[in-house]
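Inside the fold
So you can see what is in the structure, the chains are spelled out below.
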Amino acid sequence: MIFACVNTKGGVGKTTTAVHLAVMLAKQGRTLLIDGDPQASAASWAAWRVETNLDPSPVTVCLHEKAIFSEGKELAEGFDHTVVDAGGRDTTGLRSSLLLAERAIIPVGASQLDAAALTDVMSIVDLAKDYNPRLDVRVLLTRVDPRTKDMAEMLDFLKGQGLKILSAIVCERVAFRRVIGEGGTVHEMKKDPSAIQEMDAFFQEVTQ
Ligand SMILES: Nc1ncnc2c1ncn2[C@@H]1O[C@H](COP(=O)(O)OP(=O)(O)O)[C@@H](O)[C@H]1O
Ligand SMILES: [Mg+2]
């Protein structure tokens, strides 16, 4: 399966989601992680991962713009699983990611700004579906504080848009911030059982 983590908004957790998904998939089969963001955060994570000697590691490559689809398609054939970490804003790269993907994951936070940005990303997703009708799109609520009413309001908004929302959610947790700089995942750092539980629930649901 080819997954892509997409959103036109930055800072929503695309890279965090992509690297966790890639490591969880790498435990099951050969996994390719395509860093489609010119900022190359996933590639930095992968380089730190080599230094920390963590295992298993997805094979990580950086591809930009149209190459995400053209080269990504060919490369993905050599792997059991592929995850694309798409850059925010870069619409060619984003469109290319959506052409390649079978399942798009849209991480969103719970705020007015996230809701506004979703309208942009959904119009790009709708366009991509004309060329890639099999594309399955799922929204993941990330960096949320479940105690606030923001999350309930965002859920209402998402349901109103007729979007498929994953019931797994990822809360704002220090562990997620720390592990990226160590090239790891919350599973490997073993500091926060709730973070591990959230990622496991996300993985179960998104790979179904
Ligand atoms: N669930 C989370 N809890 C706390 N911090 C998070 C979480 N997800 C992401 N972050 C932090 O937020 C920032 C943006 O996350 P990132 O995954 O890089 O988003 P994007 O790729 O969408 O720009 C990073 O500093 C990251 O460590
Ligand atoms: Mg990123």
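Scroll up to find the structure this text is about.
To start, this report covers the structure provided alongside it. Just so it is clear, the structure is predicted and the values come from calculations on it, not from any experiment.

1. Some words on the pairing of strand β4 (residues 81–86)
- β4 sits mainly inside the fold: 6 of its 6 residues count as buried.
- The side-chain alternation of β4 yields two buried faces, one formed by H81, V83 and D85 and the other by T82, V84 and A86.
- Pairing geometry for strand β1 (residues 2–5) and β4, over 4 bridges, is parallel. Residue pairing across strands places A4 opposite V84, the latter belonging to β4.
- Sheet topology note: the strand β2 (residues 31–36)/β4 ladder contains 6 bridges and is parallel. If you follow L32 over to β4, its bridge partner there is T82.

2. A few points about the pattern of salt bridges
- According to the stated counting rule, one finds 10 salt bridges in the structure shown.
- Between K149 and E153 there is a salt bridge, with its nearest N and O atoms 3.6 Å apart. Residue K149 and its partner E153 are both found in helix α6 (residues 149–160); the two are separated by 4 residues, about one turn of the helix.
- Assessed through its relative accessible area of 42%, E153 is described here as partly exposed.
- Look at the salt bridges and you will find they share partners, linking R103, D136, R138 and K164 into a network.

3. Here's the deal with the nonpolar core
- Membership of the largest hydrophobic core comes to 38 residues, with the highest contact counts inside it found for L98 and I106.
- Among the elements that take part in this core, helix α5 (residues 112–131) stands out by supplying 7 residues, more than any other.
- The contacts of L98, once residues within four sequence positions are left out, are V6, A104, I124, V125, A128, N132 and L135.
- C5, L21, W45 and V179 belong to the second-largest nonpolar core, a separate cluster that totals 31 residues.

4. Description of the sheet that holds strand β3 (residues 59–62)
- Spatial ordering of the open sheet is given by β3-β2-β4-β1-β5-β6-β7, a layout of 7 strands whose pairing is parallel. Single-partner strands in this sheet number two, and they are β3 and β7 (165–171). Between one strand axis and the next, the sheet turns through 20° on average, direction left out of account.
- Note that β2 and β3 share 4 bridges and pair parallel. What sits directly across from I34, in β3, is V61.
- Its contacts with the sheet place α6 against β5 (103–108), β6 (136–144) and β7, and it is angled at close to 165° to β6.
- The strands touched by helix α9 (residues 193–206) are β1, β5, β6 and β7; relative to β7, the strand with the most contacts, the crossing angle is about 160°.

5. Some remarks on the site of ligand 1
- Taken together, 14 residues are adjacent to ligand 1, and G11, T15, T16, C171 and R173 come closest.
- One of the backbone nitrogen or oxygen atoms of G11 is found 2.7 Å away from an oxygen atom of ligand 1.
- One nitrogen or oxygen atom from the side chain of R143 is found 2.9 Å from an oxygen atom belonging to ligand 1.
- Burial of ligand 1 by the surrounding chains reaches 80%, relative to a free accessible area of 550 Å².
- Mapped by element, the contributors of at least two residues to the shell around ligand 1 are α1 (14–26), β7 and α7 (174–181).
- Ranked by residues supplied to the shell around ligand 1, first place goes to α1 with 3 residues.
- A class-by-class count of the residues in the shell around ligand 1 yields 4 nonpolar, 5 polar and 5 charged.

What counts, and where the lines are drawn
Position labels on residues start from 1 in each chain and follow its written sequence. Written order determines the labels here, with chains lettered from A and ligands numbered from 1. Only residues with pLDDT of 70 or above have their local features reported here, since the model is predicted, and side-chain atom pairs are shown and tallied only from 80 upward, although totals for entire chains, interfaces and linings are computed over all residues. Side-chain calculation: all heavy atoms of the structure are included, whereas hydrogens and water are not. For the exposure calls, accessible area comes from a 1.4 Å probe over protein chains only, and a residue counts as buried if that area is under 20% of its type's maximum, exposed if over 50%, partly exposed in between. Secondary structure elements follow DSSP: runs of H or I of four or more residues count as helices, runs of E of two or more count as strands, with numbering from the N terminus. Strand pairing is defined by DSSP finding a minimum of two bridges between the two strands. Think of a salt bridge as a Lys or Arg side-chain nitrogen and an Asp or Glu carboxyl oxygen that are within 4 Å of each other. Here, nonpolar core refers to any group of buried Ala, Val, Leu, Ile, Met, Phe, Trp, Tyr and Cys residues whose side-chain atoms link them within 4.5 Å. The criterion used for residue contact is that any of the two residues' heavy atoms lie within 4.5 Å. Axes here mean lines fitted to C-alpha atoms, for a helix over just the part in contact, with angles spanning 0 to 180 degrees between N-to-C directions. Summary of the distance rule: residues count as near a molecule or strand when at least one heavy atom falls within 4 Å of that molecule or strand. Think of a polar contact as two N or O atoms within 3.5 Å of one another; within protein, one of them needs to be a possible hydrogen donor and the other a possible acceptor, and neighboring residues in sequence only count if both atoms come from side chains. Note on areas: Shrake-Rupley with a 1.4 Å probe; residue coverage comes only from the protein chains shown. Charged means Asp, Glu, Lys or Arg here, nonpolar means Ala, Val, Leu, Ile, Met, Phe, Trp, Tyr, Cys or Pro, and polar covers whatever is left, Gly included.

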